[in-house]
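# Structural overview
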Amino acid sequence: RRATLAMGVSRTSKMLAFINHRVRVTLVDGRALVGTFTAFDRHVNVVLSDCEEHRKLPPKKGVDEDERHVRRVLGFVLVRGEEVVSLTVEGPPVGSGKKARIASAGTGTASGAGRGMPPATAMGAPRVGGPPVGMMMPGGGPPPGMRPPGR
């Protein structure tokens, strides 16, 4: 039992080393998916981003090798572990050769952007929503036929 556990840990750590690498996943049906290795789990379910599917069509008379190769852009893909035959590294981690650009400090000033409303004044913040004061309740009381609140 310990040997299986150790084997599982080493396999996991080996796969973790290839996160963000460009990989080729070969499937049971012969298709190959090439994409950025984003995640995996204990069932070897694999998540690929920026993925493309590559497959070869059956040979036909008069059709050369290049025309039999079909490429399709898939995007973000989750591949079930049962379908995976092999996982091969195609290239280094995406963006590994580029330096991250950090903006240099400037002499700008910070201020609130607002939402199109005038700033609050000494009289208080402007009313938002509802009828103007006094429109529904002339004289400040409740409408005729209604009791004031709390009575």
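Our subject in this report is the structure included herewith. Keep in mind that this is a model prediction, so the values were computed, not measured. (Residues numbered from 1 in each chain as written. Predicted model: local features only at pLDDT ≥ 70, side-chain atom pairs only at ≥ 80, totals over all residues. Heavy atoms only, no water.)

Let's shift gears to the sheet that holds strand β2 (residues 32-40). Taken in spatial order, the 5 strands make up an open sheet running β4-β3-β2-β1-β5, and their pairing is antiparallel. The sheet terminates laterally at β4 (69-79) and β5 (84-93), the two strands that pair on one side only. Here the average twist between neighbouring strands, direction ignored, is 30°. Across 5 bridges, strand β1 (residues 21-27) lies against β2 in antiparallel orientation. Residue pairing for β2: R22 is matched across the bridge by T36. (Pairing = 2+ DSSP bridges. Helix = DSSP H or I, 4+ residues; strand = E, 2+ residues; numbered from the N terminus. Axes fitted to C-alpha atoms, helices over the stretch in contact; angles between N-to-C directions.)

Next up on the list: unusual backbone geometry. One non-glycine residue, N20, lies in the positive phi region at around 75°. Checked against the element boundaries, N20 lands in the loop between α1 (2-16) and β1. At D50, a position not held by glycine, the phi torsion is positive, near 50°. Among the secondary structure elements, D50 is positioned in strand β3 (residues 46-56).

The subject of this paragraph is the nonpolar core. Ranked by internal contacts, the top residues of the largest apolar core, which has 13 residues, are V25, L33, F37, V46, L48 and V79. Looking at this core, the elements that each hand over two or more residues are β1, β2, β3 and β4. Sequence-distant contacts of V46, defined by excluding residues within four places in its chain, comprise V25, F37, A39, V77, L78, V79, V84 and L87. (Core = buried A, V, L, I, M, F, W, Y, C linked by side-chain atoms within 4.5 Å. Buried < 20%, exposed > 50% of the residue type's maximum accessible area, 1.4 Å probe, protein only. Contact = heavy atoms within 4.5 Å.)

Purely geometric numbers; function is a separate question.
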